[in-house]
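Overview (structure and organization)
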Amino acid sequence: CIGWTILVIPCLWRLLTKGKKGFSNNLDIFAFMSQFPLGAHCFSTLIPLTAPYSGSIEGHIYDLSRKGNTITCSGSINNLPWLRNPFQSVHAVAMTNL
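The paragraphs below set out a description of the structure included in this document. (Residues numbered from 1 in each chain as written. Predicted model: local features only at pLDDT ≥ 70, side-chain atom pairs only at ≥ 80, totals over all residues. Heavy atoms only, no water.)

Focus: the environment of Ser76
The condition that has to hold: Secondary structure elements follow DSSP: runs of H or I no shorter than four residues count as helices, runs of E no shorter than two count as strands, and numbering proceeds from the N terminus. Summary of the burial criterion: residues with accessible area below 20% of their type's maximum are buried, those above 50% are exposed, and those between are partly exposed, where the area comes from a 1.4 Å probe applied to protein chains only. The contact rule is simple, with two residues in contact once any of their heavy atoms fall within 4.5 Å.
Secondary-structure assignment places Ser76 in strand β2 (residues 70–77). Taking relative accessible area as the criterion, Ser76 reaches 23% and is therefore assigned partly exposed. Considered as a pair, Ser76 and Leu98 are 22 residues apart in the sequence and their alpha carbons are 7.5 Å apart. Other than its neighbours up to four places away in sequence, Ser76 contacts Glu58, Gly59, His60, Tyr62 and Leu98.

Okay, structure coming up:
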């Protein structure tokens, strides 16, 4: 991912200045990474590292934010044959993984 080369220095700087508190939860990580080109795409590539089964759906996260007490997320998955159930709709487990 080309975006990783853009994100390495800012991520290291944030870790050095704020420590683990700089990246305490997924909302903080996404908010920081999405400031940079391809940051949201790179965030999407981190998800299979923390939840390996979710990598099978090849999901992409476009927005992750907090609105009051609610966390909202916008994402998509590729239309792959193994993500469909016998009724040709997207399988519920694929949606859960997203």
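Focus: the nonpolar core
The following threshold applies: As used here, the term nonpolar core means buried Ala, Val, Leu, Ile, Met, Phe, Trp, Tyr and Cys residues forming a set that is joined through side-chain atoms within 4.5 Å.
Of all hydrophobic cores here, the largest spans 12 residues; its members are Leu7, Cys11, Leu27, Ile29, Phe30, Phe32, Met33, Ala40, Cys42, Phe43, Ile61 and Leu64. Of all elements in the fold, only α1 (2–18), α2 (26–33), α3 (39–50) and β1 (59–67) reach the threshold of two or more residues within this core. A per-element tally of this core places α2 first, with five residues. Setting aside chain neighbours within four positions, we find Phe43 in contact with Asn26, Ile29, Phe30, Met33, Ile61 and Leu64.

Side note on the pairing of β1
Within a regular strand, the side chains alternate between the two sheet faces. The following threshold applies: Here, any two strands with at least 2 DSSP bridges between them count as paired.
Sheet analysis places β1 next to β2, joined by eight bridges and oriented antiparallel. Note that in β2 the partner of Arg66 across the bridge is Ile71. Counted between consecutive antiparallel strands, the loop separating β1 from β2 contains two residues, among which Gly68 sits at a positive phi close to 70°.

Some thoughts on the packing of aromatic side chains
Rules: Ring geometry is summarised as follows: Phe, Tyr and Trp rings, the Trp one being its six-membered ring, pair when their centres sit within 6.5 Å, and such pairs are stacked at plane angles under 30 degrees, edge-to-face over 60 and tilted between the two.
Evaluated as defined, the whole model comprises two aromatic pairs. Look at Phe30 and Phe43: their rings are 5.2 Å apart centre to centre, the planes differ by 80°, and that puts the pair in the edge-to-face class. Of this pair, Phe30 sits in helix α2 while Phe43 sits in helix α3, and the two are 13 residues apart along the sequence. No difference in accessibility class separates Phe30 from Phe43, as the two residues are buried. Arranged with centres 5.4 Å apart and planes meeting at 65°, the rings of Phe32 and Phe36 form a pair that is edge-to-face.

Keep in mind these values describe shape, not function.
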